[in-house]
Amino acid sequence: MKLICGLGNPGPDYRLTRHNIGYRVVDLLADRWKVSGGSTRDGASVLEVSRDGEAVMLIKPLRFMNRSGAPVRAAVGRSVVDPEVDLLVIADDMDLPLGKIRLRTGGS
């Protein structure tokens, strides 16, 4: 299983802000993969899908960015995954220019 977690802030005031890029990427993936529905578990919106024979869980913590750790930790805990290999967290980084992407292992 793979976990894709998009971070953001809940509520309409934040919907189109740069801070919600993680939410928007998860929504885009769900749209492109033509999946909908899902459930709410442990403080996160969760959508499970199969892609190329592998289970993928799309996660959007329903808490503000600085409190998103617990829902992500819960998703990892209820899945059989190695977070260093199977978890992708998508979030904005104000230190990067708009439109730049950085991929890295580890970090906070």
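For the structure, see preceding data.
Note that the structure is a prediction, hence the values are computed from the model and not measured.

Draft legend 1. View of helix 2 (residues 69-77). Among all positions of helix 2, only Pro-71, Val-72, Ala-75 and Val-76 are buried. Seen from one end, helix 2 has its buried residues packed into an arc of 140°, which puts them on one side. Residues of helix 2 that are exposed and angled more than 90 degrees away from the buried face: Arg-73 and Gly-77. In this structure, the buried residues of helix 2 make contact with strand 1 (2-6), strand 3 (44-51), strand 4 (54-61), helix 3 (83-86) and strand 5 (87-90).

Draft legend 2. Representation of the side chain of Ser-79 in the model. For Ser-79, the location among the structural elements is in the loop between helix 2 and helix 3. Look at Ser-79 and you get buried, because its relative accessible area is 11%. Among the polar contacts made by the side chain of Ser-79, one reaches the main-chain carbonyl oxygen of Ala-75 at a distance of 2.8 Å. Excluding its chain neighbours within four sequence positions, the residues that come into contact with Ser-79 are Met-1, Leu-3 and Met-57.

Draft legend 3. Structural view of the sheet that holds strand 2 (residues 39-41). The five strands lie next to each other as 2-3-4-1-5, forming an open sheet whose pairing is mixed. Each edge of the open sheet is held by one strand with a lone partner, namely strand 2 and strand 5. Strand-to-strand, the axes of this sheet are offset by a mean angle of 30°, without reference to chain direction. The pairing of strand 2 with strand 3 spans three bridges and is antiparallel. When the sheet's bridge partners are listed, Arg-41 is paired in strand 3 with Ala-44. Those strands touched by helix 1 (residues 21-32) are strand 1, strand 3, strand 4 and strand 5, and its axis lies near 145° from that of strand 4. On top of the sheet, helix 2 reaches strand 1, strand 3, strand 4 and strand 5; it is set at about 160° to strand 4, its chief contact.

Draft legend 4. Layout of the environment of Leu-87. Relative to the helices and strands, Leu-87 is located in strand 5. Measuring from C-alpha to C-alpha, the distance between Leu-87 and Phe-64 comes to 20 Å, with 23 residues separating the pair along the chain. With sequence-adjacent residues up to four places away left out, Leu-87 is seen in contact with Leu-3, Cys-5, Val-72, Val-76 and Asp-82.

Draft legend 5. Local environment of the pattern of salt bridges. As enumerated under the stated definition, the model contains four salt bridges in all. The closest approach of N and O atoms between Lys-60 and Asp-27, which form a salt bridge, is 2.8 Å. Of the two residues, Lys-60 sits in strand 4 while Asp-27 sits in helix 1, which places them 33 residues apart along the sequence. Residue classification places Lys-60 among the buried positions, given a relative accessible area of 16%. Notably, a salt bridge pairs Asp-42 with Arg-78, separated by 2.4 Å at the nearest N-O pair. Of the two residues, Asp-42 is situated in the loop between strand 2 and strand 3 and Arg-78 in the loop between helix 2 and helix 3; the sequence distance between them amounts to 36 residues.

Calculation rules
- Residues numbered from 1 in each chain as written.
- Predicted model: local features only at pLDDT ≥ 70, side-chain atom pairs only at ≥ 80, totals over all residues.
- Heavy atoms only, no water.
- Buried < 20%, exposed > 50% of the residue type's maximum accessible area, 1.4 Å probe, protein only.
- Helix = DSSP H or I, 4+ residues; strand = E, 2+ residues; numbered from the N terminus.
- Arc of directions from axis to C-beta.
- Contact = heavy atoms within 4.5 Å.
- Polar contact = N/O pair within 3.5 Å; in protein donor to acceptor, adjacent residues only side chain to side chain.
- Pairing = 2+ DSSP bridges.
- Axes fitted to C-alpha atoms, helices over the stretch in contact; angles between N-to-C directions.
- Salt bridge = Lys/Arg side-chain N within 4 Å of Asp/Glu carboxyl O.

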